[in-house]
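# Structural characterization, general
Residues per chain are reported as follows:
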Number of protein chains: 2
Amino acid sequence: MPTYKAPVDDVLFLLNDVFHIERYGNVPGFAEASPETVAAILAEGAKFCEEVLLPLNRVGDREGCVRHDDGSVTTPKGFKEAYRAMSEGGWIGLSADPEFGGQGLPFTLAAIMNEFLTAANMAFAMYPGLSQGAYHALRVHGSDAQKKMYLPKIASGEWSGTMNLTEPQCGTDLGLIRTKATAQPDGSYKINGSKIFISSGEHDLTSNIVHLALARIEGAPEGTKGISMFVVPKFLPKDDGSLGSRNAVSCGSIEEKMGIHGNSTCVMNYDGATGWLVGEANRGLHAMFTMMNEARLGVGIQGLALSEVAYQNAAQYAKDRLQGRALSGAKFPAKAADPIIVHPDVRRVLLTIRAFNEAARALVIWTALQGDLANRSEDDKVRQAADDQMGLMTPVVKGVLTDCGFANTVLAQQVFGGHGYIAEHGMEQFVRDARIAMLYEGANGIQALDLVGRKLGKDGGRAAMAFFNDAASFVKAHADDEAMKPYVAPLDAALGHLQKASIWFMKNAMFKPDNAGAGSYDYMHLFGLVALGYMWAQIAKAALAKKSKGNGAGTRMDAKLLTGLFFMERMLPETGAHLARIQAGADGVMKMPAESF
Amino acid sequence: MPTYKAPVDDVLFLLNDVFHIERYGNVPGFAEASPETVAAILAEGAKFCEEVLLPLNRVGDREGCVRHDDGSVTTPKGFKEAYRAMSEGGWIGLSADPEFGGQGLPFTLAAIMNEFLTAANMAFAMYPGLSQGAYHALRVHGSDAQKKMYLPKIASGEWSGTMNLTEPQCGTDLGLIRTKATAQPDGSYKINGSKIFISSGEHDLTSNIVHLALARIEGAPEGTKGISMFVVPKFLPKDDGSLGSRNAVSCGSIEEKMGIHGNSTCVMNYDGATGWLVGEANRGLHAMFTMMNEARLGVGIQGLALSEVAYQNAAQYAKDRLQGRALSGAKFPAKAADPIIVHPDVRRVLLTIRAFNEAARALVIWTALQGDLANRSEDDKVRQAADDQMGLMTPVVKGVLTDCGFANTVLAQQVFGGHGYIAEHGMEQFVRDARIAMLYEGANGIQALDLVGRKLGKDGGRAAMAFFNDAASFVKAHADDEAMKPYVAPLDAALGHLQKASIWFMKNAMFKPDNAGAGSYDYMHLFGLVALGYMWAQIAKAALAKKSKGNGAGTRMDAKLLTGLFFMERMLPETGAHLARIQAGADGVMKMPAESF
């Protein structure tokens, strides 16, 4: 059975020593988030994840969700009690508005908790995760009456939420949506159609489920400009919020899938279900997009979370498993064999994962902080700059963290040899669960196109330029610091590759967009490496400072500095290969006739 | 449901146009393998795989194998009939000796058929695959009586075979084996112990199962020098080959695993089972090693096979799936959307897989040919040179083809978006099935150590030097050929990286073996890229020649040339990053104290 210990100390180091969140004390919600409060909250959250959710992870995978003949769905044993405990602990509304019963804490804290929750039990964590998404959409786009009706119950965990976008003929291309909405005299709509891949679509965890569904109002324009968003509750609420009659939206079947078996991924049938318009008619895609950054950041966190729990188990196994001898001679001659961590190649694998995890965690926290600043700061300039960075970094976090997170679960599984393939160790479940994050909420190829096609050139490249300048300033400020040189010199080189690639697109993709498409995936990973490298440089700086204070953190800081060096020496230089592939252009991929594939 | 068409034309091109196997007409078995015969055999084999095995692939995954209370095991529905058809078709003994009822055809043909069989149904193909392994071990090390008793029945498919090595406390490190063998007065042994991860360990496909098991004879030396090999049949055969009493070897349980559910991976309990020594006492590991090349090549083929079937399905989906529009404007404005193959990034993914597949198939065939020459040539020098190359290339084929094969199933799955995660499309099964090949028959880290620690320096580096010279001669011979330049120039650069890395090991690893260990994995992949690049250069040469003959193969040859260019431009240059990581040495991975992981 896998083990998990939430990396609370690492998070506190990032919040306090690297990002100095005390700087944001004047931003609403941050004053309440003093170092002591944050430490206490995270310690309690960690305990819940480690003791309640982790033991349910394998149960969830084995049992899965069961749909009964009446369309009801039972979640795996223990999920219901855990969900109740989570609601009662106030975790679901951690960053929700106090006005609607939330704790009002920074979104950053919720993002951190999402890592812990997901690492312990990804399938479970998706239930409250979807609720947070629905909360956010209704909060931004709902009417006052809708907010009053739904938000407090979602924030408290009494009701849950879902997002209903995908249909069999459309995933990426939502302009092809066929689900119909017909206006009723009372201002409501009748919704008819079928949605697929609906996470948490039907279950027994909450008394009501609030579906947010995209549909086309009869007579609406073709394509993406005719899509509207509707709120369609499973039970129609009475004015006092108590449950009324059952709505005509139901689970037609549960998808049989590779992993996350504990989450009910449903085909949802809308058979004249009653729904109410959320926001303006025909502006449904716009409404979805405004909440996409946080949703995609949440998926990126899933990649990190599974990479972290997979690392912890692989590292422990490498220290425990006795097999063979060190290349340089037996290290434990009294034992039957040496632990496999004596092998350079095993260490290489572990360091590869860890060098990603620590920087990815920093990047998640930094991006979530931008989200908080963008939503809460009272300074217009700060809000805009933060919104720029959040928008720019979202496809990078989603695409790179899920690609690398998945790859890392595979690496961690490899440390177990044949035992990694056997269900009981849990490593193969991490691989199967992590795989979905590369696919949903916009497959990673779409993230790459979003980055290159939309985010990079937006507002004259303002966001990208600000990021480049920020990183370059850091490099410059530490260029003469001997201790920092091993970190900033490689970062400088990688940043140069990223800037060259950006310029190459400006020159070559304007009139030939296929040149952007052919290099988009490499660019996303090139950007990700630079962003992670920049995080490592900042971590190194903080670690050196903490070490120099000599307050007993030396060993832990040394490990960070060595892991960061590994990243700089063996992982970051991959930016050169990405740049070369980008500069190869589109011809090599476009020349082949489609029928030759 | 996935589809599959065995790449017969591609194989014939490789055999006839690239490797000119008519050259080997004087090697036993090759005279019978005329181009017409080979084409007919492969066409028939392809039909069997496509029509009989493919439809059972998903059934096997869903049903898995069932162990009953009496220890018997039932395979998935349809497997038994398919196995009978396969036996009757003579496929199991395709390259077995005519003396023992085999077809006597080249091993190369069996290797090719193994790709087809595995692509159609990997879990099924493992049953005859294990039989071929057991056949080979008994043929090389068995006594005349053992050969006479077992080989004809294994070659015909009447009986099947298994290999029993792994125990809970030992996989890589077989010196830790605990299974005991006690000599009996009649010359047999009583075997006691427990083996795990035994593929095809118990099933209902054949009337008898011939286990080859490693055990320690009482009083034998400690460690690897005290391991012996035994033949332990499920039913003790009478002198006339008919079945006698049931032996005390039985399936204790079936492992619950990530994939290959249709193959029964068993815990095998030896409770005083009767076995007979195969070969010399205490030379069991040696006996295993002599058959390891072919077994590991077989696992490498699994990587290729799943990459191929995954490619075929992803390419078809990309041509069928309508979603969004081309970046350069709608290509099929009359349709609701363009097929996703218009996107450069989708093509990049498909070409990445295909550029691997075609070269990997060439490398498999070339390596298998070395195996044939090593075993069958009457010329000592040819035998030795071929044996050198087979030994050198085995860890490369096993490690690189399974790593890339798995990665390619993941890429192919990605083309399907969210649909790739759903069982019905079959893409996620390819991923789960392909994963095991990186782990068993020596985890890939072990392959890398085998290459760097044993194969590279063996006989003064004779095998590696011969390979380098061979590739360098090819480069030199075509350096002035304009049409070949785009292939040989990148190959030349990559070969330079490989040679530099080899020299770096010679200088830096002799007295510090951790330097070899830390770079071993990169070296394996660097070697693999060069080997695949060399294959592409040879394919390009043959394609140009065939195209110039103008015999209607133009489109197919053009596709090969474009795919090869993609490899040269976007995949081969990765050798530079591998070299840099190798030259970084061991310090970066060894400095971290074990307890800091």
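An account of the accompanying structure is given in this report. (Residues numbered from 1 in each chain as written. Chains lettered and ligands numbered in written order. Predicted model: local features only at pLDDT ≥ 70, side-chain atom pairs only at ≥ 80, totals over all residues. Heavy atoms only, no water.)

### Here's the deal with the environment of Ala479(A)
Residue and element names in this part refer to chain A. Where we set the bar: The secondary structure listing takes helices from DSSP runs of H or I that are at least 4 residues long and strands from runs of E that are at least 2 residues long, numbered from the N terminus. Only protein chains enter the calculation, and the probe is 1.4 Å; a residue is then buried if its accessible area is under 20% of its type maximum, exposed if over 50%, and partly exposed in between. Two residues form a contact once any of their heavy atoms are found within 4.5 Å.
Residue placement: Ala 479 occurs in the loop between α13 (462–477) and α14 (485–508). The class of Ala 479 is partly exposed, set by a relative accessible area of 30%. When the C-alpha positions of Ala 479 and Asp 492 are compared, they lie 9.4 Å apart, and in sequence the two are 13 residues distant. Residues in contact with Ala 479, not counting those within four places in the same chain, are Lys 485 and Val 488.

### As for the environment of Ala82(A)
Residues and elements named next belong to chain A. With respect to the helices and strands, Ala 82 occurs in helix α4 (residues 79–88). Separated by 155 residues in sequence, Ala 82 and Pro 237 place their C-alpha atoms 25 Å apart. Once you skip the residues sitting within four places of it in the chain, Ala 82 turns out to touch Phe 48, Val 52, Leu 53, Leu 56 and Phe 124.

### Some thoughts on helix α3 (residues 55–63) of chain A
Residues and elements named next belong to chain A. Three or more residues of α3 are buried, namely Leu 56, Asn 57, Arg 58, Gly 60 and Asp 61. Looking at the buried residues of α3, the elements they touch are α2 (35–53), α4, α5 (107–141) and α11 (427–435). Gly 64 lies just past α3 and shows a positive phi near 60 degrees.

### With respect to the pairing of strand β5 (residues 189–199) of chain B
Residues and elements named next belong to chain B. Using the following cut-off: Any two strands with at least two DSSP-identified bridges between them are counted as paired.
Where strand β4 (residues 180–183) and β5 come together, four bridges link them in antiparallel fashion. When the sheet's bridge partners are listed, Ala 183 is paired in β5 with Tyr 189. Where β4 hands over to β5, the hairpin turn is made up of five residues, of which Gly 187 adopts a positive phi near 95 degrees.

### Focus on the pairing of strand β3 (residues 159–164) of chain A
Residues and elements named next belong to chain A. Most of β3 sits inside the fold, with six of its six residues counted as buried. Here β3 shows no split at all, with Trp 159, Gly 161 and Met 163 on one side and Ser 160, Thr 162 and Asn 164 on the other all buried. Looking at chain direction, β3 and strand β6 (residues 208–217) are connected through six bridges and run parallel. Of the residues in β6, the one forming a bridge with Asn 164 is Ala 213.

### Regarding the relation of the copies chain B and chain A
Applied cut-off: For the least-squares superposition of copies, only C-alpha atoms count, and only for residues with pLDDT at least 70 in both.
The two copies are related by a screw operation: chain B maps onto chain A through 180 degrees of rotation and 0.0 Å of translation along the axis, at an RMSD of 0.0 Å. What we have between these two chains is a two-fold relation. Minimal C-alpha separation from the rotation axis in chain B is found for Ala577(B), amounting to 3.7 Å. Comparing contact sets, 100% of the residues at the interface of chain B also lie at the interface in chain A, consistent with an isologous, same-surface contact.

### Some remarks on the packing of helix α8 (residues 292–320) of chain A against helix α9 (residues 344–376) of chain A
Packed helices, taken two at a time, are described by the angle between their axes plus the distance between the axes. Residues and elements named next belong to chain A. Keep this limit in mind: Only the contacting stretch of a helix is used when fitting its axis, a line to C-alpha atoms as for every element, and angles between N-to-C directions run 0 to 180 degrees. Angular relationships are summarised with four words: roughly parallel below 35 degrees, roughly antiparallel beyond 145, roughly perpendicular across 65 to 115, and oblique for the angles in between. Handedness of a helix crossing follows the sense of rotation of the near helix relative to the far helix, less than a right angle counterclockwise being left-handed and clockwise being right-handed. All amino acids are sorted into three groups, where Ala, Val, Leu, Ile, Met, Phe, Trp, Tyr, Cys and Pro are nonpolar, Asp, Glu, Lys and Arg are charged, and the leftover types, Gly among them, are polar.
For the pair α8 and α9, interaxial distance at closest approach is 9 Å and the crossing angle is 150 degrees. In terms of axis orientation, α8 runs roughly antiparallel to α9. In terms of crossing hand, the pair formed by α8 and α9 is left-handed. Judged by residue contacts, Glu 294, Leu 297, Ile 301, Leu 304, Ser 307, Glu 308, Tyr 311, Ala 314, Ala 315 and Ala 318 of α8 engage Val 346, Leu 350, Ile 353, Arg 354, Phe 356, Asn 357, Ala 360, Arg 361, Val 364, Thr 367, Ala 368 and Asn 375 from α9. Of the residues belonging to the contact of α8 with α9, the class tally is 14 nonpolar, four polar and four charged.

### Regarding the pattern of salt bridges
Put simply, the rule is: Salt bridges are defined as contacts in which a side-chain nitrogen from Lys or Arg sits within 4 Å of a carboxyl oxygen from Asp or Glu.
One pass over the full model with this rule turns up 60 salt bridges over all chains. With a shortest N-O distance of 3.8 Å, Lys153(A) and Glu158(A) are connected by a salt bridge. The residue Asp450(B) makes a salt bridge to Arg454(B) at a minimum N-O spacing of 2.8 Å. Separated by four residues within a single helix, Asp450(B) and Arg454(B) lie in helix α12 (residues 444–455), roughly one turn from each other. You can call Asp450(B) buried: its relative accessible area is 6%. When salt bridges with common partners are traced through the structure, they connect Asp10(A), Glu115(A), Glu308(A), Arg354(A), Glu358(A), Arg361(A) and Lys560(A) into a single cluster.

### Concerning the packing of α9(A) against helix α15 (residues 513–549) of chain A
Residues and elements named next belong to chain A. Contact geometry of α9 with α15 gives a least axis separation of 9 Å together with a crossing angle of 90 degrees. With respect to α15, the element α9 is oriented roughly perpendicular. Across from Arg 354, Ala 355, Phe 356, Glu 358, Ala 359, Ala 360, Ala 362, Leu 363 and Trp 366 in α9, the residues of α15 making contact are Ala 531, Leu 532, Met 535, Trp 536 and Ile 539. For the contact of α9 with α15, the residue count by class is twelve nonpolar, no polar and two charged.

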